[in-house]
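Architecture at a glance
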Amino acid sequence: MRIWLDGALRDADSAQVSVFDHGLTVGDGVFETLKAERGTAFALTRHLDRLTRSAGGLGLPDPDLDEVRRACAAVLEANPLPLGRLRITYTGGLSPLGSDRGDAGPTLVVAVGGTARRPDSTAVITVPWVRNERSAVAGLKTTSYAENVVALAAAHRAGASEALFANTLGRLCEGTGSNVFVVLDGELHTPPLASGCLAGITRALVAEWAGAKETDLPFEALEQAEEIFLTSTLRDVQAVHRVDDRAMAAAAPGPVTAEAMGIFDARSGEDLDP
């Protein structure tokens, strides 16, 4: 395995980040996960735009996107995989212990690992913890992922692959690593960014291509929905067949979800950097 670290490809054993890196000590960092098929990353430009927005939200300097592009290309060439999870991590860099950031400059790491295509449908759970839509880091893709780790572990214990959050107002928000869409009265809806959810790349493409409405929804909409599906970089569009202990009334994927799946597969296959 070859990994890009601060300007060069390195063997995995020698790709070492300091134990004083702010991304490790306090989670001061941002990241992107991209789907890579046969050496090409999907929607790279959109992901790099979001990486820059997230970095700016934390007060980190803008990443050098030319270097990030070179790093992604080099890592994918050095580690050929039919289907890969490409990870870009950009942190506050070497810093003193505590929340103050040092002046050594950011750390950039790009790595890739193999992955498998997700099943067409999955089970999800709801959790009692909430997203804070008024948080300083709401909508940023940061490396501070502990609450997602806890919620996802709860989902796995329940035989599910994802956990869904409400926000502090009791409105439908998102999953630990996915956005959520619901079908109500035959119409497709997804929570607005004001809910505190991440501006998912796949979310935006599906909303545009399949005509979903951004709608402020109560968390109970999950109980009323005729169909539910998740979107994320590695899930693409994935139907939900069970929420907590409740099986969906219709077989998953339902007709609206199946149409969204077909549209996404076709459009994403036509343009790898939409």
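Here, every reference points to the structure presented above.
Residues numbered from 1 in each chain as written. Predicted model: local features only at pLDDT ≥ 70, side-chain atom pairs only at ≥ 80, totals over all residues. Heavy atoms only, no water.

Take the sheet that holds strand β3 (residues 29–37) next. Strand order in the open sheet formed by six strands is β2-β1-β6-β5-β3-β4, and the pairing between neighbours is antiparallel. Both outer strands of the open sheet, β2 (8–11) and β4 (40–41), are each paired with one neighbouring strand and no more. Across eight bridges, strand β5 (residues 83–91) lies against strand β6 (residues 107–114) in antiparallel orientation. If you follow Thr91 over to β6, its bridge partner there is Thr107. Strands in contact with helix α2 (residues 44–58) are β3, β4 and β5; relative to β3, the strand with the most contacts, it is inclined by about 170 degrees. (Pairing = 2+ DSSP bridges. Helix = DSSP H or I, 4+ residues; strand = E, 2+ residues; numbered from the N terminus. Contact = heavy atoms within 4.5 Å. Axes fitted to C-alpha atoms, helices over the stretch in contact; angles between N-to-C directions.)

Moving on, we come to the nonpolar core. Counting residues in each nonpolar core, the largest one holds 22 residues, and the members touching the most others are Trp4, Cys72, Leu86, Ile88, Tyr90, Leu108 and Val110. Broken down by secondary-structure element, the contributors of at least two residues to this core are β3, α2, α3 (65–78), β5 and β6. Per element, the largest residue contribution to this core is six residues, and it comes from α3. Those residues within four positions of Trp4 in sequence are excluded, and the remaining contacts are Leu9, Glu67, Arg70, Ala71, Ala74, Val75, Leu108, Val109 and Val110. (Core = buried A, V, L, I, M, F, W, Y, C linked by side-chain atoms within 4.5 Å. Buried < 20%, exposed > 50% of the residue type's maximum accessible area, 1.4 Å probe, protein only.)

One way to put it is that α2 packs onto α3 with a least axis distance of 11 Å and a crossing angle of 130 degrees. Taken together, α2 and α3 sit at an angle that is classed as oblique. The element α2 and its partner α3 pack so that their crossing is right-handed. Residue-level contacts link Leu44, Thr45, Leu48 and Thr52 of α2 to Leu65, Val68, Arg69 and Cys72 of α3. Of the residues assigned to the contact of α2 with α3, the class counts are five nonpolar, two polar and one charged. (Parallel < 35°, antiparallel > 145°, perpendicular 65-115°, else oblique. Left-handed = near helix turned anticlockwise from the far one by under 90°. Nonpolar A, V, L, I, M, F, W, Y, C, P; charged D, E, K, R; others polar.)

To continue, consider helix α5 (residues 201–210). For α5, the buried fraction is high: seven of the ten residues fall into the buried class. Within the span of α5, buried status applies to Ile201, Thr202, Arg203, Leu205, Val206, Ala207 and Trp209. Once α5 finishes, Gly211 follows within two positions and takes phi at roughly 75 degrees, a positive value.

Here we take up the state of the cysteines. The final tally for this structure, using the stated rule, is zero disulfides. Here Cys197 stays free of any disulfide, with the sulfur of Cys173 as its closest cysteine sulfur at 5.4 Å. On the basis of relative accessibility, which here comes to 2%, the residue Cys197 falls in the buried class. (Disulfide = S-S within 2.5 Å.)

Attention now moves to α3. An ideal rise of 1.5 Å per residue puts 20 Å on 14 residues; α3 measures up with 20 Å between its terminal C-alpha atoms. Those residues of α3 lying buried are Glu67, Val68, Ala71, Cys72, Ala74, Val75 and Leu76. One side-chain oxygen at the N-terminal end of α3 lies 3.1 Å from the backbone nitrogen of Asp66; it belongs to Asp64. (Expected span 1.5 Å × (residues − 1). Polar contact = N/O pair within 3.5 Å; in protein donor to acceptor, adjacent residues only side chain to side chain.)

Glancing now at a nonpolar patch on the surface. A surface patch of nonpolar side chains, amounting to about 540 Å² of accessible area, comprises Val19, Phe20, Leu24, Leu94 and Leu97. Position of Leu24 among the secondary structure elements: in helix α1 (residues 22–25). You can call Leu24 exposed: its relative accessible area is 59%. (Patch = residues over 30% accessible without salt bridge, like charges linked within 9 Å, V, L, I, M, F, W, Y side chains within 5 Å. Areas by Shrake-Rupley, 256 points an atom, 1.4 Å probe, with all protein chains shown as cover. Salt bridge = Lys/Arg side-chain N within 4 Å of Asp/Glu carboxyl O.)

Turning our attention to the side chain of Thr122. With respect to the helices, strands and loops of the structure, Thr122 is situated in strand β7 (residues 121–131). Excluding anything up to four places from it in sequence, Thr122 contacts Ser161, Leu230, Arg235, Gln238, Ala239, Val240, His241 and Arg242.

On to the side chain of Thr107, then. For Thr107, the location among the structural elements is in strand β6. By relative accessible area, which is 8% here, Thr107 ends up buried. In this structure the side chain of Thr107 is engaged in a polar contact, spanning 2.6 Å, whose partner is the side chain of Asp21. When neighbours within four sequence positions are excluded, Thr107 is seen to be in contact with Leu5, Asp6, Val17, Asp21, Thr89, Tyr90, Thr91 and Gly93.

It is worth stressing that arrangement in space is one thing and function is another; only the former is reported here.
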